[in-house]
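Architecture and fold: a report
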Amino acid sequence: MRLTNYFLPISKEVPTDAQIVSHQLMLRSGMIKQSASGIYSWLPLGLKVLQRVEKVVHEEQQKAGHLPMLMPTIQPAELWRESGRYEDYGKEMLRITDRHEREMLYGPTNEELITDIFRSFIKSYKELPKTLYHIQWKFRDEVRPRFGIMRGREFLMKDGYSFDIDRPMAINAYNRHLVSYLKTYERLGLQAIPMRADTGPIGGDYSHEFLVLAKTGESKVFYDGASQHIKLGNEYVDYEDVGGLQRTVDRFTENYARTEETHDLSLFNQLPEERQVEARGIEVGQIFYFGTKYSEAMDATVTLADGSKKLVEMGSHGIGVSRLVGALIEAHHDEDGIVWPKAVTPFHVAIVNLKQGDTEIDKVCEQIYTGITAAGLDPLYDDREERAGAKFATMDLIGIPLRVTVGPRGIREGMIEVRCRSTRTVKELPINSVVDYCIEEFRGFE
Ligand code: ATP
Ligand code: MG
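Residues numbered from 1 in each chain as written. Chains lettered and ligands numbered in written order. Predicted model: local features only at pLDDT ≥ 70, side-chain atom pairs only at ≥ 80, totals over all residues. Heavy atoms only, no water.

1. Structural notes on the packing of helix α1 (residues 21-28) against helix α10 (residues 321-331)
We apply this condition: Every angle, taken between N-to-C directions, lies between 0 and 180 degrees, and every axis is a line fitted to C-alpha atoms, over only the stretch in contact when it is a helix. Elements are defined by DSSP. Helices are runs of H or I of four residues or more, strands are runs of E of two residues or more, and each kind is numbered from the N terminus. Roughly parallel refers to an angle under 35 degrees, roughly antiparallel to one over 145, roughly perpendicular to one between 65 and 115, and oblique to any angle outside these ranges. What makes two residues a contact is simply this: any of their non-hydrogen atoms within 4.5 Å. Residue polarity follows a fixed list, in which Ala, Val, Leu, Ile, Met, Phe, Trp, Tyr, Cys and Pro are nonpolar, Asp, Glu, Lys and Arg are charged, and the others, Gly among them, are polar.
Interaxial distance between α1 and α10 falls to 8 Å at its minimum, and their mutual angle equals 105 degrees. Judged by the inter-axis angle, α1 sits roughly perpendicular to α10. Only Val325, Gly326, Ile329 and Glu330 of α10 make contact with α1, whose side of the interface consists of Val21, Ser22, Leu25 and Met26. A per-class count over the contact of α1 with α10 returns 5 nonpolar, 2 polar and 1 charged.

2. What to know about α1
The following threshold applies: Between buried and exposed lies partly exposed: a residue is buried under 20% and exposed over 50% of the maximum accessible area for its type, with that area taken using a 1.4 Å probe on protein chains only.
In terms of residue burial, α1 counts as a mostly covered element, since 6 of its 8 residues are buried. Taken together, the buried positions of α1 are occupied by Ser22, His23, Gln24, Leu25, Met26 and Arg28. Those residues of α1 hidden inside the fold are in contact with β1 (32-36), β2 (39-42), α10, β17 (333-334), β18 (337-338) and α12 (388-398). One or two steps after α1, the chain reaches glycine 30, where phi turns positive at roughly 65 degrees.

3. Concerning the side chain of histidine 348
Its place among the elements puts histidine 348 in the loop between β18 and β19 (349-353). Non-local contacts of histidine 348, meaning those with residues more than four positions away in its chain, are made with Arg52, Leu377, Asp378, Ile400, Pro401, Leu402, Phe442, Phe445 and Glu446.

4. Some remarks on empty space enclosed by the protein
Put simply, the rule reads: Using protein atoms alone on a 1 Å grid, points that fit a 1.4 Å probe yet trap it form a cavity, whereas open point sets bounded by protein on both sides within 12 Å along at least five of seven lines form a pocket; residues with an atom within 4 Å of a point count as lining. Grid points are joined across faces, edges and corners, and a volume is the space filled by probe spheres set on the points.
Taken as a whole, this structure holds 2 cavities of 30 Å³ or more when the rule is applied. As a volume, the largest cavity reaches approximately 80 Å³. Lining the largest cavity are Leu182, Glu186, Gln191, Ala192, Ile193, Pro194, Ser227, Ile230 and Phe252. Going through the elements one at a time, α6 (167-188) and β9 (192-196) are the ones with two or more residues in the lining of the largest cavity. By residue number, the principal contributor to the lining of the largest cavity is β9, which donates 3 residues. Of the residues contributing to the lining of the largest cavity, the split by class is 6 nonpolar, 2 polar and 1 charged. The computed volume of the second largest cavity comes to approximately 40 Å³. Looking at the second largest cavity, the residues that line it are Met395, Asp396, Ile400, Arg403, Arg419 and Arg421.

5. Things to note about the sheet that holds strand β5 (residues 94-97)
Applicable threshold: A pair of strands is treated as paired once DSSP finds two or more bridges between them.
Here 3 strands make up an open sheet; going across it, the order is β4-β6-β5 and the pairing antiparallel. Strands with a single pairing partner mark the edges of an open sheet, and in this sheet they are β4 (74-76) and β5. With direction set aside, neighbouring strand axes in the sheet form an average angle of 35 degrees. Bridging between β5 and strand β6 (residues 103-106) involves 4 bridges; their strand directions are antiparallel. Among the inter-strand pairings, arginine 95 is bridged to a residue of β6, identified as leucine 105.

6. Digging into the state of the cysteines
What counts, and what does not: Note that a disulfide, as used here, is simply two cysteine sulfur atoms within 2.5 Å.
Counted under the stated rule, the structure contains 0 disulfides. Cysteine cysteine 365 remains unbridged, with the sulfur of cysteine 438 as its closest cysteine sulfur at 12 Å. Free of any disulfide, cysteine 438 has its nearest neighbouring cysteine sulfur in cysteine 420, separated by 11 Å. Judged by its relative accessible area of 0%, cysteine 438 falls in the buried class.

7. Re the coordination of the magnesium ion (ligand 2)
What counts is decided by this rule: With water excluded from the atoms, a metal site may look incomplete; its donors are any N, O or S atoms within 2.8 Å, or within 3.2 Å for Na, K and Ca.
In this structure, Glu283 (OE) and Gln286 (OE1) serve as the protein donors to the magnesium ion (ligand 2), at separations of 1.9 to 2.2 Å. On the basis of relative accessible area, glutamate 283 is assigned to the partly exposed category, the value being 23%.

8. Looking at the nonpolar core
Inclusion rule: For this analysis, a nonpolar core means a set of buried residues of the types Ala, Val, Leu, Ile, Met, Phe, Trp, Tyr and Cys, connected via side-chain atoms within 4.5 Å. What fixes the domain bounds is an automatic or database domain assignment.
Membership of the largest hydrophobic core comes to 67 residues, with the highest contact counts inside it found for Met31, Val53, Tyr185, Phe210, Val284, Val325 and Trp340. For this core, the element with the most residues is α6, which contributes 9 residues. Split by domain, the residues of this core number at least three in each of domain 1 (12-337) and domain 2 (347-441).

9. Points about the packing of helix α11 (residues 359-374) against helix α14 (residues 434-441)
Defined as follows: Left-handed describes a crossing whose near helix is turned anticlockwise from the far helix through less than a right angle; right-handed describes the clockwise counterpart.
Their axes nearest at 9 Å, the elements α11 and α14 cross at an angle of 35 degrees. The element α11 and its partner α14 pack so that their crossing is right-handed. For the pair α11 and α14, contact is made by Ile368, Gly371 and Ile372 and by Val434, Val435 and Cys438, respectively.

The values are spatial; any link to function lies outside them.
This is the structure we're talking about:
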């Protein structure tokens, strides 16, 4: 992309109404624009990041055997009356009446809708297990929308629903979600700690939330300091290996880690003092096992081999896709702006032309631009007639991992400067090796 063709409404001023750094940086870098309280447009740069997050979420879900689909945002009230949640959900639910006076709602979550789909088509135990998921916009009329897309009213969520024949199988589905979520966060460049959590309006008795530690996080958390060092890394996950999966889950959940709602001071105090950590975190996902809560209310059964009927065991599992974009910025920024991890960066390489209009410099910039594009990477070429300082500040603000600077001195010496956004280190490379260097830097992150 050439900057002169792009839409990047950046601003130098720190917006006064944005309290946390991710919200400030998203506004300043032209990623989002508020349309109403808690409701945002995703401008081109923001959308690119959102879509990269979505892609990683999709890939990790499908590796775990979960099936993508798409349910609508608008749902009929009748289904929610069946589960009893139409009244329970209260003011958080946006209720709509259509032209025929039928009651509808903008979905805050989809347990009812998916249970209705399940009971319409799945009749036999032989068709289980099944996990269906989608990535779709939700609406919750939050009392206090704040921190930009972090706590929006309209937000993008991945929500998946597991259907199993019995409790052990349902726990296996829960474990698949726990591990695939950990993989997802790690791939994105985040560490999220699974913590025992309260189930809230979704219901059920077993739940974990995933928290990214951040001073600005809304959740108060208590955990064993040892939890912070557990990672999957390059470990291969075999989702068919039930025992192996359980061992991985145990490894990640055996230490004390809880949110405020489930915190147990006497258990916490049994930890050695130096390992008792109290902190704040951003909830980027939650998984629930709730058994037959919805299948019972909505009569979702399967026929067993002996002809009898059994209520299906369910779980629901959510990732805050749009919130993750904010969480990523909270975790990866410095005083100059965003520092995107390679897996989610909107552009891979920033090309800065220091003397736009100079035949030789323009030519080298074009060569590098074409080479990087041909390799399947996405460069952002600053081809504006602007001061060097302003060009550097823009690229720093929007956080592109590598910056290639082409100017008169470099051209004279046949060397190009390549700078790493996160370490701020600079390398001088011969002109014809710049493209290969960039390709190598992004291997595995395309
Ligand atoms: P919270 O406690 O933050 O209100 P929740 O527990 O009600 O969230 P879930 O039903 O668990 O939310 O939804 C799954 C995920 O969706 C959450 O873990 C969170 O990452 C994200 N999410 C929930 N509410 C919002 C919101 N208002 N804005 C952005 N993301 C949200
Ligand atoms: Mg939650």
